[in-house]
Amino acid sequence: MRRLLRIALWCVCIFFVFFPLLFIFFAIEHSPAVVDVKMMNIDDAVRTRSFVRKAVRTLLKNNDRPIAISATEDDLNGIFAIAHRSSKRIAGRTVISPQELNTSATITIPHTPLGDYINVHLKLLPSESGVHFEQVSLGRISLPDAVTRFIAGLGLDLAFGFGEGRELLEAVDFVALTDSQVDVHLKAIPQMNQLIKKMKGRLGALRDETRVMGDPDLVRDYYRHIMTISEQTSREESVSLGFYIGRLFEIAR
C-alpha cells in the first residue's frame, strides 16, 4: 500500500510539476519570431475594422445556410497591427500562398533567465474537408494536428460554452487558398446567434467580476476618501502607506 502511495505521489509530481516546468523551459525563447510590425495608417484601420464587421454580419445573418468568409493577407496583418497598437508586447505576421498560410506571432514577456519571448508558428493547408494544420509550434514545442484541434476546441469552449468548440471546428467545410487570400467555407450553424449572445454574456460576466478594477466612479470615490484622509493628517508628521491602506480597508468593509 505504501509503495502504491509513493508511486501515486511521484505521478502527481511529474504531471503537475515536472511537465509544466518542462513546458515553460521549451516554450520561452531568447529571440522573437516577429520583429517588424506593419505600421497602420488611417486607411488600414478603417479597412480592417470594416472587414471584422463584415465577417461578424455574415456569421449572424447567414447562419441558416452555408457561409463563406474571405480574408486577405492585408486583413489578417491589419488585425495584428491593431493588436500591436493596443499592446506593444504582441506582434504578428501572416503570409498567404496557394500552397499554405503561414502565421507567426510573438508575445514579449517579463524578462526571465530562459528568455523574453513566446513564439507561435502556424501553418494552415488548403483542404477539401475540414481544417488541417500542417505545423503548429509553441516555442520549441511542435504540436501535432490532433493536439492543435484539441487546444482550439478548448479555446472556443471558453468563449462559447462547453461542448460548442468541437461543433464549431466541425462546421468548417473546406479551406481554399489563393495568392493572397484565404476562403473558409462553413456549414450552416443555426445556433450562431445564440452562441454569439452566450459569448457576450460570458464577456459581460468577466467584465462584472473585474469591474472593481476599472469602475471610474468607484475609483473616484476612493480617491476622494484618500484626499479627505490626507487633509485630516498633520503635515508635520510622516505617515506610512500602511496608514492609508488600513483606512481604505475600513471604508471598503
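Residues numbered from 1 in each chain as written. Predicted model: local features only at pLDDT ≥ 70, side-chain atom pairs only at ≥ 80, totals over all residues. Heavy atoms only, no water.

Engineer: Would you mind going over helix α3 (residues 73-86) with me for this structure?
Structural biologist: An α-helix turns once per 3.6 residues; consequently, residues spaced three or four apart project the same way. Here α3 is 14 residues long and its end C-alpha atoms lie 20 Å apart, about the 20 Å a rise of 1.5 Å per residue gives. Buried within α3 are the following residues: Asp75, Asn77, Gly78, Phe80, Ala81 and His84. (Helix = DSSP H or I, 4+ residues; strand = E, 2+ residues; numbered from the N terminus. Expected span 1.5 Å × (residues − 1). Buried < 20%, exposed > 50% of the residue type's maximum accessible area, 1.4 Å probe, protein only.)

Engineer: So what exactly am I meant to see when it comes to the sheet that holds strand β2 (residues 67-72) here?
Structural biologist: Strand pairing in a sheet relies on backbone hydrogen bonds. The paired strands run either parallel or antiparallel. Here 3 strands make up an open sheet; going across it, the order is β2-β9-β8 and the pairing antiparallel. Each of the sheet's edge strands pairs with one partner strand only, and the pair in question is β2 and β8 (172-177). Strand-to-strand twist across the sheet, computed as the mean angle between neighbouring axes with direction ignored, equals 15 degrees. Here β2 runs beside strand β9 (residues 181-186); their pairing, made up of 6 bridges, is antiparallel. (Pairing = 2+ DSSP bridges. Axes fitted to C-alpha atoms, helices over the stretch in contact; angles between N-to-C directions.)

Engineer: Could you clarify how one ought to interpret the nonpolar core in this entry?
Structural biologist: Buried together is how nonpolar side chains tend to be arranged in soluble globular proteins. In this structure, Leu59, Ile69, Leu101, Leu124, Val182, Leu186 and Ile189 are the most contacted members of the largest nonpolar core, which totals 24 residues. Mapped by element, the contributors of at least two residues to this core are α2 (42-61), β2, β6 (132-138), β7 (141-143), β8 and β9. Apart from the residues within four sequence positions on either side, Val182 is in contact with Ile69, Ser70, Ala71, Leu76, Ile96, Leu101, Val175, Ala176 and Leu177. (Core = buried A, V, L, I, M, F, W, Y, C linked by side-chain atoms within 4.5 Å. Contact = heavy atoms within 4.5 Å.)

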